[in-house]
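As a plain string of letters, each chain reads:
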Amino acid sequence: MTTHHPVLIVGAGLGGLMLARVLHVHGITSAVLEREASPAVRTQGGMLDIHGDSGQAALRAAGLHARFRALVLPGGESTRVLDRDAVVRSEASDDGSGDRPEVDRGALRDLLLEALPEGTVRWGAQVTGARALSGARHEVTLADGTLLGTDLLIGADGAWSRVRPLLSPAQPRYVGVSFVEADLLEADTRHPACAGVVGGGALFALGAGRGFLAHREPDGSLHVYTAVRAPEAWLDGIDFTDPEAAKASVLKEFADWDPSLRALLADADGPLVPRRIHALPVGHRWDRVPGVTLLGDAAHLMSPFAGEGANLALLDGAELALALVAHPGDPEAALTAYEKEMFPRSEASAAESADNGEMLFDADAPQGLLDMFARYS
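Residues numbered from 1 in each chain as written. Predicted model: local features only at pLDDT ≥ 70, side-chain atom pairs only at ≥ 80, totals over all residues. Heavy atoms only, no water.

1. Considering the packing of aromatic side chains
Here is step 1 of the chain: Enumeration over the complete set of coordinates arrives at 7 aromatic pairs.
Here is step 2 of the chain: On the numbers, 5.4 Å between centres and 50° between planes, the contact of Phe-179 with Tyr-225 is tilted. Remark: Tyr-225 occurs in strand S14 (residues 222–229) and Phe-179 occurs in strand S11 (residues 173–184); sequence separation between them is 46 residues. Considered together, Phe-179 and Tyr-225 belong to a single accessibility category, that of buried residues. (Phe/Tyr/Trp six-rings, centres within 6.5 Å; stacked < 30°, edge-to-face > 60°. Helix = DSSP H or I, 4+ residues; strand = E, 2+ residues; numbered from the N terminus. Buried < 20%, exposed > 50% of the residue type's maximum accessible area, 1.4 Å probe, protein only.)

Pasting the structure below:
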C-alpha cells in the first residue's frame, strides 16, 4: 500500500529543513525523507559564512535568527591571503560588523532540526526513485520497497538527486578541481605553527593551479581543503586507506611550496577525505512540471568558490515555503512564482562561482583574489 503525504520533501539538508521549518511556522505539515540513519551518522562539514541577504533572510523567515547569532564563531570573518612562499599578501580582521558571520554547518543543521516537530524527519528513508502519477501527484520508492505518495514533491536531495530526473536530464560535471580535506585538532596547543598560519578565521594560500583553503572551527580545530587543479581520475591514484602515504602523494603537488603551508596537510590528524568538485551547468532550469520542484544543490549545484551554495539552499527553502503560504490551494501558482525568482538568482551565483574557481587557481594566483578584495574594500 502507498502512504500519502500532502507535502513530501526528499533530503534533510539545510534547504529541506528550512522549507519544513517555514511551512511549520505557517501551520503547514510536511514530511522529510533522509537516507542517513540518524543526524549523528556523520559530521556535516566545516564552517559556512551565512550571508545577510540570503541565508540570514531565510533564518529570519524561520524565526531562528536570534538563535543563529548565538552560534556564530567570534572572529570567524577574519581573512588572510598568502602566496605559495607563505608571504602574507592581505589580512583583514573581524570586528563583528560584517554581514557574513561564520557558523558550523552541523550546528546550523541541528538548530533547524530542533525547530521541527518530532517525527517530521524520517531517518533511514533512502529514496531510490520517483515517478509521476495522475494529475500533479507523485510517488517515491524507498530502498526497503516502501511506496509514498504525495500531492507536492520537493527534491532537496543534493547533487545526485533522485527527484531531478522528473524535471531535467542534467547531471553534475567535474569542474577540474579536486579537494583533499583534513583536520588539525586542538590546533593552538598541538599545532601552534599551523594555527598561526591560518589565523583567527579563513586562509587562502594560493598559487597556480594549487592552494590550501582553511578555516578555524569552534572546537579549536583547523579544517583544511588542499585544492589541486587536476584530471578527474587524479584522486583514484592515491591510496587514502594509508593517510601518511596519501599525504606524501598529495604533497608532491606542492614540492616547491613553503614548509609552513605544506604542514597544513603533512601534520593533519586522522584520515583524509578526497572530494571532486562538481557543478550543474550554469543557468540550469526546467519547464514547469505539475506537483514537483527542486531546491538547493538538486536545482543548481555549483562549486564552492563564491560561498553561495548553502545560502541559496536556505533561501530556496524559505522562499518556496512562503510562496506556498501566499498561494493557498494553488500549489502550481506557488511553484511558478518560486521558480521565476530562483532561476535567475541561482544562475547569477553559479556564474560567479565558476568565475571565482578560475580566478583562485589562475597562473598569477593569488593576484585575482587580491584584486577582488580591493574592489570591495
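After that view of the structure, there is still more to cover.
2. Here we look at unusual backbone geometry
Here is step 1 of the chain: Cis geometry marks the peptide bond from Ala-365 to Pro-366; its omega dihedral reads 15°.
Here is step 2 of the chain: Mapped onto the elements, Pro-366 comes out in the loop between helix H11 (331–360) and helix H12 (367–376).
Here is step 3 of the chain: If you check the backbone angles, Ala-86 has positive phi at about 70° while not being a glycine.
Here is step 4 of the chain: The topology assignment puts Ala-86 in the loop between strand S4 (79–83) and strand S5 (88–92).
Here is step 5 of the chain: Of the residues examined, Ala-86 reaches a relative accessible area of 21% and is grouped as partly exposed.
Here is step 6 of the chain: Its identity as a non-glycine residue notwithstanding, Glu-186 has a phi of 45°, on the positive side.

3. Digging into the side chain of Asp-104
Here is step 1 of the chain: Residue placement: Asp-104 occurs in strand S6 (residues 102–104).
Here is step 2 of the chain: Buried and unpaired, Asp-104 has Arg-105 as its nearest opposite-charge partner, separated by 8.1 Å.
Here is step 3 of the chain: Within the structure, the side chain of Asp-104 is placed 3.0 Å from the backbone nitrogen of Gly-106, a separation counted as a polar contact.
Here is step 4 of the chain: Within the structure, the side chain of Asp-104 is placed 2.9 Å from the backbone nitrogen of Ala-107, a separation counted as a polar contact. (Lys, Arg positive; Asp, Glu negative; His and termini not counted. Salt bridge = Lys/Arg side-chain N within 4 Å of Asp/Glu carboxyl O. Polar contact = N/O pair within 3.5 Å; in protein donor to acceptor, adjacent residues only side chain to side chain.)

4. Description of the environment of Leu-312
Here is step 1 of the chain: Secondary-structure assignment places Leu-312 in helix H10 (residues 309–326).
Here is step 2 of the chain: The buried category is assigned to Leu-312, whose relative accessible area is 3%.
Here is step 3 of the chain: Considering only alpha carbons, one finds Leu-312 and Thr-336, 24 residues apart in sequence, at a separation of 18 Å.
Here is step 4 of the chain: Apart from residues lying up to four places away in sequence, Leu-312 is in contact with His-300, Met-302, Arg-345, Ser-346 and Ser-349. (Contact = heavy atoms within 4.5 Å.)

5. Overview of the packing of H11 against H12
Here is step 1 of the chain: In contact at an axis separation of 7 Å, H11 and H12 are set at 125° when each is read in the N-to-C sense. Comparing the axis directions of H11 and H12 gives the class oblique. Along the contact surface, H11 presents Asn-356, Met-359 and Leu-360, while H12 presents Gly-368, Leu-369 and Met-372.
Here is step 2 of the chain: Residue classes in the contact of H11 with H12 are distributed as 4 nonpolar, 2 polar and no charged. (Axes fitted to C-alpha atoms, helices over the stretch in contact; angles between N-to-C directions. Parallel < 35°, antiparallel > 145°, perpendicular 65-115°, else oblique. Nonpolar A, V, L, I, M, F, W, Y, C, P; charged D, E, K, R; others polar.)

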